[in-house]
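Next come the chains, spelled out residue by residue.
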Amino acid sequence: LIPWLPQTILQFSPDNLRRFLIFCTGAPSLPPKSSSSITIVVQYNRASEALPIAHTCFYKLDLPDYPDQDMFVSKLMKAIQECATFDRV
C-alpha cells in the first residue's frame, strides 16, 4: 500500500493533481507567500472498503488498507472527484 500513493500521484493529470490538493487541503492552490511545498500526513488504517478520508485543517489523509492497487486507485479517484470545497471549485 505504501508505494501506491506516490505511484498514483505521479500518474495524475494536472486536473487530478489539483483535485487531490483540494481533497487534502480544501484549497485549489497553495496559500500566498507559502513555501513551494506542503506536507500531507498519511495514516494507514485497517482494511476497509471505505473511501479515503481527508482532514483538511490538518493536511491529513486517512487511507484504508485496500487489498490491491486497483481498488486503491479506484477509491482515491472517487474521493477526489466527488469532493467539494467551500468555494465550490
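Residues numbered from 1 in each chain as written. Predicted model: local features only at pLDDT ≥ 70, side-chain atom pairs only at ≥ 80, totals over all residues. Heavy atoms only, no water.

1. Considerations on the overall build of the protein
Across its full length, the protein carries three helices and three strands. Each helix (α) and strand (β) of the protein, taken in turn from the N terminus, gives the series α-α-β-β-β-α. Relative to its 89 residues, the protein shows a buried fraction of 27%. Intrachain contacts of the protein at a sequence separation of at least 6 include 50% that bridge at least 24 residues. Accessible surface, the protein as shown: approximately 5,900 Å² in total, 56% of it carbon and sulfur. (Helix = DSSP H or I, 4+ residues; strand = E, 2+ residues; numbered from the N terminus. Buried < 20%, exposed > 50% of the residue type's maximum accessible area, 1.4 Å probe, protein only. Contact = heavy atoms within 4.5 Å. Areas by Shrake-Rupley, 256 points an atom, 1.4 Å probe, with all protein chains shown as cover.)

2. Considerations on the packing of aromatic side chains
Evaluated as defined, the whole model comprises three aromatic pairs. By the ring-pair criterion, three or more aromatic residues cluster together here, those being Trp4, Tyr66 and Phe72. (Phe/Tyr/Trp six-rings, centres within 6.5 Å; stacked < 30°, edge-to-face > 60°.)

3. Focus: the pattern of salt bridges
Scanning all chains against the criterion turns up two salt bridges. We note a salt bridge from Arg19 to Asp15, for which the minimum N-O separation is 3.0 Å. Pair noted here: Arg19 and Asp15 are both in helix H2 (residues 14-25), with a separation of four residues, about one helical turn. Owing to a relative accessible area of 38%, Asp15 belongs among the partly exposed residues under this scheme. Two residues, Asp62 and Lys60, come together in a salt bridge whose shortest N-O distance is 3.7 Å. Judged by relative accessible area, which is 9%, Asp62 ranks as buried. Owing to a relative accessible area of 24%, Lys60 belongs among the partly exposed residues under this scheme. (Salt bridge = Lys/Arg side-chain N within 4 Å of Asp/Glu carboxyl O.)

4. Quick word on the sheet that holds strand E1 (residues 41-45)
Judged by pairing direction, the sheet is mixed, and its three strands sit side by side in the order E1-E3-E2 without closing on themselves. Both outer strands of the open sheet, E1 and strand E2 (53-55), are each paired with one neighbouring strand and no more. Adjacent strand axes in the sheet meet at a mean angle of 20° when their direction is disregarded. Strand direction decides the pairing type here: E2 and strand E3 (residues 60-64), joined by three bridges, are antiparallel. In the strand pairing of E3, Ile53 is matched with Asp62. Sheet strands in contact with H2 are E2 and E3, and its direction is about 65° off that of E2. (Pairing = 2+ DSSP bridges. Axes fitted to C-alpha atoms, helices over the stretch in contact; angles between N-to-C directions.)

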